[in-house]
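Here is how the chains run, residue by residue.
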Amino acid sequence: MSKITRRQVINTAIALAGTTVIARFSHAQDIIASDDATALAMGYVADHTTVDTAKWTKKASPGGENQKCTSCTIYQRIDDDYGLCPIFIGKRVHANGWCNGWVA
Ligand code: SF4
């Protein structure tokens, strides 16, 4: 039977505290606005099914219907509705959102 060391307990406590701080901070961030300059430049929309595919042709490519924030490599989930994206620093993006920075 393995023993749990004091160091393991302390490291776990620190990790849990850090996770809690990050989660609280993430929820405090504003939701990206559709008229945000970066959002406009990147073609960001809160609902990926509304993308103007004539303008944003990546979304019209094969499999494009599956492109949304939750399927994007750089998406960092906060909860079922929102996440963080390194393109929109300091803001939350919608889980069903999309922008031209989508990465498989
Ligand atoms: Fe969503 Fe990815 Fe665009 Fe960020 S880069 S807004 S996670 S689709």
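Given the structure is predicted, the values throughout are model-derived calculations rather than measurements.

K.L.:
Can you help me understand the pattern of salt bridges in this one?
P.N.:
Two side chains carrying opposite charge are able to pair once their charged atoms lie near each other. The full count for this structure, using the stated rule, is two salt bridges. Where aspartate 30 meets lysine 91, a salt bridge forms, and the shortest distance between an N and an O atom there is 3.9 Å. Residue aspartate 30 is found in strand S1 (residues 30–31), and its partner lysine 91 is found in strand S4 (residues 91–94); the two are separated by 61 residues along the sequence. Arginine 77 is the salt-bridge partner of aspartate 80, the closest N and O atoms lying 2.4 Å from each other. Owing to a relative accessible area of 55%, arginine 77 belongs among the exposed residues under this scheme.

K.L.:
In this structure, what is going on with the site of the ligand? I would like to understand it.
P.N.:
Taken together, Tyr44, Cys69, Cys72, Ile74, Tyr75, Cys85, Ile87, Phe88, Cys99, Gly101 and Trp102 make up the full set of residues adjacent to the ligand. The residue inventory of the shell around the ligand, partitioned by class, reads ten nonpolar, one polar and no charged.

K.L.:
In this structure, what is going on with the sheet that holds strand S3 (residues 82–84)? I would like to understand it.
P.N.:
Adjacent strands of a sheet form backbone hydrogen bonds with each other and so pair up, either parallel or antiparallel. Read from one edge to the other, the open sheet built from four strands follows the order S1-S4-S3-S2, with strand pairing classed as mixed. The sheet is open, and its two edges are formed by S1 and strand S2 (76–77), each paired on a single side. With two bridges joining them, S1 and S4 adopt parallel strand pairing. Within the sheet, the bridge partner assigned to isoleucine 31 lies in S4 and is arginine 92.

Thresholds applied
Here, residues in each chain are numbered from 1, in the same order as that chain's written sequence. Only residues with pLDDT of at least 70 get local features here, since the model is predicted, and only at 80 or more are side-chain atom pairs given and counted; chain-wide, interface and lining totals rely on the full set of residues. Think of the side-chain values as coming from all heavy atoms in the structure, minus any hydrogens and water. Whenever a carboxyl oxygen of Asp or Glu lies within 4 Å of a side-chain nitrogen of Lys or Arg, that contact is scored as a salt bridge. Per the convention used, a helix needs a DSSP run of H or I reaching at least four residues, while a strand needs a run of E reaching at least two, with both numbered from the N terminus. Only protein chains enter the area calculation, which uses a 1.4 Å probe; residues under 20% of their type maximum are buried, those over 50% are exposed, and those in between are partly exposed. For each residue, the test is whether any non-hydrogen atom lies within 4 Å of the molecule or strand; if one does, the residue is near. Polarity classes work like this: nonpolar for Ala, Val, Leu, Ile, Met, Phe, Trp, Tyr, Cys and Pro, charged for Asp, Glu, Lys and Arg, and polar for all others, with Gly in that last group. Here, strands pair whenever DSSP counts at least two bridges between them.

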